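Here are the chains, one letter per residue:
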Amino acid sequence: WKIDPQGAIDVAFVDVKDSQNMNGGVISAASSQNSLNNSGWSFGASLLTWLGLTSNWSDAGNWDLGYAPLSGDAAVIANTANNPILSGAVTVNNLTINSEAAIDLNGQDLTVTSAFVNNGTVKLLGTEATIALAYGNDTDSGTWEYLGDGTGSTITLKDFGSGTDYYNLILNSS
């Protein structure tokens, strides 16, 4: 579909797909979702906060902006009744886990390309292939809890590199 906006071309809280901006300028879409195949649009990174209506990370209803974080976005995990559980690999730009909050990787990969702040708990099975934090992020706060996969197999602890240790490490395999 085509759009030819007149005047200010700043919008917010939209989900755009298959759109062509005919104006010649760029439509700046703050706190919005780029559902692909758009021309003449600029989608900046958004800050999304976990609402925790269910535990499904990918469920749009669990996020304050109505969509799950994209790779360029920042995500904040708030202390809610339901902690997010990953069902697939996740990449975000920034990830903050608030005090008393938790995220369960559930054996899935997690990549944080910029700032990582853990004031809560990261739960892992120990079978995750990739847990990548940007250089300079360390684990000097929060808890990392390895749960195992329930089969009694070996839990592999993530080595974050020289000088980077776990602040609070829990091994809790059944």
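Structure report, in brief. Computed from a predicted model, the values in this text were never measured in an experiment. (Residues numbered from 1 in each chain as written. Predicted model: local features only at pLDDT ≥ 70, side-chain atom pairs only at ≥ 80, totals over all residues. Heavy atoms only, no water.)

1. What about the overall build of the protein chain?
- Of regular secondary structure, the protein chain possesses zero helices and 18 strands.
- Projected onto its principal axes, the C-alpha positions of the protein chain cover 60 × 35 × 25 Å.
- Within the span of the protein chain, comprising 174 residues, buried residues form 37% of the whole.
- Sequence separation of at least 24 residues holds for 26% of the intrachain contacts in the protein chain that already meet a minimum separation of 6.
- As displayed, the protein chain offers around 8,900 Å² of accessible surface, 47% of which is attributable to carbon and sulfur atoms.
- Charge-centre separation for the protein chain: the mean point of 4 positive side chains lies 10 Å from the mean point of 17 negative side chains. (Helix = DSSP H or I, 4+ residues; strand = E, 2+ residues; numbered from the N terminus. Buried < 20%, exposed > 50% of the residue type's maximum accessible area, 1.4 Å probe, protein only. Contact = heavy atoms within 4.5 Å. Areas by Shrake-Rupley, 256 points an atom, 1.4 Å probe, with all protein chains shown as cover. Lys, Arg positive; Asp, Glu negative; His and termini not counted. Charge placed at Lys NZ, Arg CZ, Asp CG, Glu CD.)

2. A word on the nonpolar core
- One finds Trp57 and Leu95 to be the most contacted residues of the largest nonpolar core, which totals 28 residues.
- Only strand 9 (74-77), strand 10 (90-92), strand 11 (94-97), strand 13 (110-112), strand 15 (121-124), strand 16 (131-133) and strand 17 (143-146) provide two or more residues apiece to this core.
- Excluding residues within four positions of it along the chain, Leu95 makes contact with Ala75, Ile77, Leu110, Val112, Ala115, Phe116 and Val117.
- Of all hydrophobic cores here, the second largest spans five residues; its members include Ile9, Val16, Ile27 and Ala29. (Core = buried A, V, L, I, M, F, W, Y, C linked by side-chain atoms within 4.5 Å.)

3. Let's talk about the packing of aromatic side chains
- Tallied over the full model, the rule gives six aromatic pairs.
- Relative to Phe43, the ring of Trp41 lies with its centre 5.9 Å away and its plane at 15°, an arrangement referred to as stacked.
- Taking the relative accessible area as the measure of exposure, Trp41 reaches 15% and is therefore buried.
- Judged by centre distance (5.9 Å) and plane angle (50°), the ring pair of Phe116 and Trp144 falls under tilted. (Phe/Tyr/Trp six-rings, centres within 6.5 Å; stacked < 30°, edge-to-face > 60°.)

4. Things to note about a nonpolar patch on the surface
- A cluster of nonpolar side chains, namely Leu157, Leu169 and Leu171, defines an oily patch on the protein surface of about 260 Å² accessible area.
- Mapped onto the elements of the fold, Leu171 is located in strand 18 (residues 168-171). (Patch = residues over 30% accessible without salt bridge, like charges linked within 9 Å, V, L, I, M, F, W, Y side chains within 5 Å. Salt bridge = Lys/Arg side-chain N within 4 Å of Asp/Glu carboxyl O.)

5. Description of the environment of Ser55
- Relative to the helices and strands, Ser55 resides in the loop between strand 8 (47-49) and strand 9.
- Ser55 sits in the partly exposed class, given a relative accessible area of 29%.
- Sequence separation of Ser55 and Pro5 is 50 residues, and the distance between their C-alpha atoms is 39 Å.
- When sequence neighbours within four positions are dropped, the list of residues in contact with Ser55 reads Trp50, Asn62, Asn82, Asn83, Pro84 and Ile85.

6. Side note on the pairing of strand 11
- Burial along strand 11 is one-sided: the residues Leu95 and Ile97 are buried and none of Asn94 and Thr96 is.
- Across four bridges, the pairing between strand 9 and strand 11 is parallel. Its bridge partner being in strand 11, Val76 is matched across the sheet by Thr96.
- Here strand 11 runs beside strand 14 (residues 116-118); their pairing, made up of three bridges, is parallel. Bridge pairing links Ile97 to Asn118 in strand 14. (Pairing = 2+ DSSP bridges.)

7. Concerning the sheet that holds strand 8
- The four strands lie next to each other as 8-9-11-14, forming an open sheet whose pairing is parallel. Strands at the two margins of the open sheet, each flanked by one partner only, are strand 8 and strand 14. Adjacent strand axes in the sheet meet at a mean angle of 15°, parallel and antiparallel pairs treated alike.
- Relative to strand 9, strand 8 runs parallel, the two being bridged by three bridges. Each residue of the ladder has a partner; that of Leu48, found in strand 9, is Ala75. (Axes fitted to C-alpha atoms, helices over the stretch in contact; angles between N-to-C directions.)

8. Some words on the side chain of Ser46
- The topology assignment puts Ser46 in the loop between strand 7 (41-43) and strand 8.
- A relative accessible area of 4% means that Ser46 is categorised as buried.
- Engagement of the side chain of Ser46 in a polar contact is seen with the side chain of Tyr67, the distance being 2.9 Å. (Polar contact = N/O pair within 3.5 Å; in protein donor to acceptor, adjacent residues only side chain to side chain.)

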